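Chains, contacts and geometry: an overview
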Amino acid sequence: MTHRSRSVRRMAAAGAALALAGGLSACSSASTSASDASGEELTTLRVALGWITNVEWAGFWIADDAGYYAEEGLEIEWLAGGPNAPTTMASVAAGDADLGVEPSMQNWLQSIPQGNDFVGVGTVYQDTPSALLSLAEDPVESVEDMKGATILGQEGTQPLIDAMFRVGGDEPDYEFVPVGFDVAPLVEGQGKAYTAYATNQPIMLEETYGMSADDYVTLTYAELGLPQYGNVIYGDSSTIEEQSEAIEGFLRASIRGWLENEEDPDLGAQLAVEKYGADLGLDLTQQTRENELQIPFLQSELTEEKGLFWIDPERLAGPMYEGLEAAGVTDLPEVEDILDLSLLEKVYADGPLS
C-alpha cells in the first residue's frame, strides 16, 4: 500500500522484530491438517496478511482467539506482512499461502494479468481508508479545493491524485511534493493536503500534536471519486475450488469475529498488542483508536443489506474501474473472471450471522 504509515514512528525500532516475525511465518509448517484439544483433525489454512500483525486484522484475531475457526474444523496459520515480508500475491502465487488478504485492490488487480489465476471471495473494507488529510484552518473538502494547491504525498500516489481531477472532468492542477509517512510537513504548512491512511495518520495529529477531530479534515479517495475495496480476500482459483468448504468456514468464522469487533473495539486492540503482535511494541491506546477508525470502512449500504465482506461486481466494474483507468491503469481483468461470491452466499444462506 503506497501511503500506509509505518504504524506510528515506533515501528522503525521494531524492524528487527518484524523481520523475525516474517521469517518465522515464512518457515512455519505447510501441513494440511492438525488436531484440536479433543483430538479431532483440523484443516490448516495458510493466510497471508498484507501488513504486520497489528489491529488492522482485529476481527481475525477475535475469531481465532474465541475458537471460531476451530468450530469450523480449521487451524489458521497467519503469515505476517509488512516491509520485510513478500507481498500477499507473491505468497499465494508461490503456493506458500492458501489465501491472501490484500490491502491494495489495485495491486491485486494488476497482478492478475501477469499470469496469476486469482479469484476474490470477499473483502474486509468496503472502501479503502486511503485519504487526503488537511487541516481545518485550510481544508480540502473537494477536488476544487485542490486546484493550484501543493499536495504532499508518498512516491506512487501522484497518478491517483491526477485521477481525482480527471474523473471530475478536469486536468490535474496542483504541485506534488514527495514526503514520507510523517505528518510533520502538513503541520508545518509545507502543503495543503497530505496523502494518508485514514486509520493512522490522523492519530499522529491527535497524539503528537494534541489535535482533536475538529482540527483536521479526512477526505477518502472514494469521496474524491476513486472508490476501491480494501483488504480483498482471495486465492488461486484451483485452491478456491478444491478447498471451498474450508474457505467457506474461514469466511463464516471471520465474519463472526469482525461483528464482535464492531461491538467491542477494545478487545481486538488488546489481542493485537498482547498476543498476535506482542513482539511489535504496539501501543494499546493507538491500536484502540486505529480500530475505532477502521470499523466504518467495513460498513456500507451493501453490508447493511447482505452482511460483511460482500463485493458489488457492478461497483467494481463501474466507478472503481473507471477511477483506476483515470489513473492510467490498463489491462484490467473482466470482473466476472475474478470473483466468486458463491461461498459468501452459502455463509449467509440462513440469514445474517450474529
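Structural notes, computed from the coordinates. The structure displayed is predicted, hence computed values, not measured ones.

Two side chains carrying opposite charge are able to pair once their charged atoms lie near each other. Applying the stated criterion across every chain, the model contains 11 salt bridges. Between Arg 46 and Asp 98 there is a salt bridge whose closest N-O contact spans 2.9 Å. Linking Arg 46 in strand 2 (residues 41-49) with Asp 98 in the loop between helix 4 (88-93) and strand 4 (99-102), this pair joins segments that are 52 residues apart in sequence. Summarising the burial analysis for this pair, Arg 46 and Asp 98 share the class buried. For Lys 147, the salt bridge is made with Asp 170, and the minimal N-O distance between the two is 3.4 Å. Linking Lys 147 in the loop between strand 6 (130-135) and strand 7 (149-153) with Asp 170 in the loop between helix 6 (158-166) and strand 8 (174-178), this pair joins segments that are 23 residues apart in sequence. Overall, Asp 170 belongs to the partly exposed group, its relative accessible area being 28%. Salt bridges here are not isolated pairs; linked through shared partners, they connect Glu 72, Glu 248 and Arg 252.

A separate point is the packing of aromatic side chains. Evaluation of the coordinates by the stated rule reveals 14 aromatic pairs. Seen in terms of ring centroids, Phe 60 and Trp 78 are 5.5 Å apart; in terms of plane orientation they differ by 35°. Their pairing is tilted. Residue Phe 60 is located in helix 2 (residues 58-66), and its partner Trp 78 is located in strand 3 (residues 74-79); the two are separated by 18 residues in the primary sequence. Pair check on accessibility: Phe 60 and Trp 78 agree, each one buried. Look at Phe 165 and Tyr 174: their rings are 5.6 Å apart centre to centre, the planes differ by 10°, and that puts the pair in the stacked class. The same class applies to Phe 165 and to Tyr 174, which are both buried. Directly above the ring of Tyr 68 sits Arg 256, whose terminal nitrogen or CZ lies 3.7 Å from the centroid. Lying across the ring of Tyr 229, Arg 315 places its NZ or CZ 5.6 Å from the centre.

For the rest of this paragraph, the subject is the packing of helix 8 (residues 201-209) against helix 12 (residues 284-294). At a closest axis distance of 10 Å, the pairing of helix 8 and helix 12 adopts a crossing angle of 140°. With respect to helix 12, the axis of helix 8 lies oblique. Handedness of the crossing formed by helix 8 with helix 12: right-handed. Here Ile 203, Glu 206 and Glu 207 of helix 8 come into contact with helix 12, specifically with Thr 285, Gln 286, Arg 289, Glu 290 and Leu 293.

So, how was this worked out
Residues numbered from 1 in each chain as written. Predicted model: local features only at pLDDT ≥ 70, side-chain atom pairs only at ≥ 80, totals over all residues. Heavy atoms only, no water. Salt bridge = Lys/Arg side-chain N within 4 Å of Asp/Glu carboxyl O. Helix = DSSP H or I, 4+ residues; strand = E, 2+ residues; numbered from the N terminus. Buried < 20%, exposed > 50% of the residue type's maximum accessible area, 1.4 Å probe, protein only. Phe/Tyr/Trp six-rings, centres within 6.5 Å; stacked < 30°, edge-to-face > 60°. Lys NZ or Arg CZ within 6 Å of the ring centre and 35° of its normal. Axes fitted to C-alpha atoms, helices over the stretch in contact; angles between N-to-C directions. Parallel < 35°, antiparallel > 145°, perpendicular 65-115°, else oblique. Left-handed = near helix turned anticlockwise from the far one by under 90°. Contact = heavy atoms within 4.5 Å.

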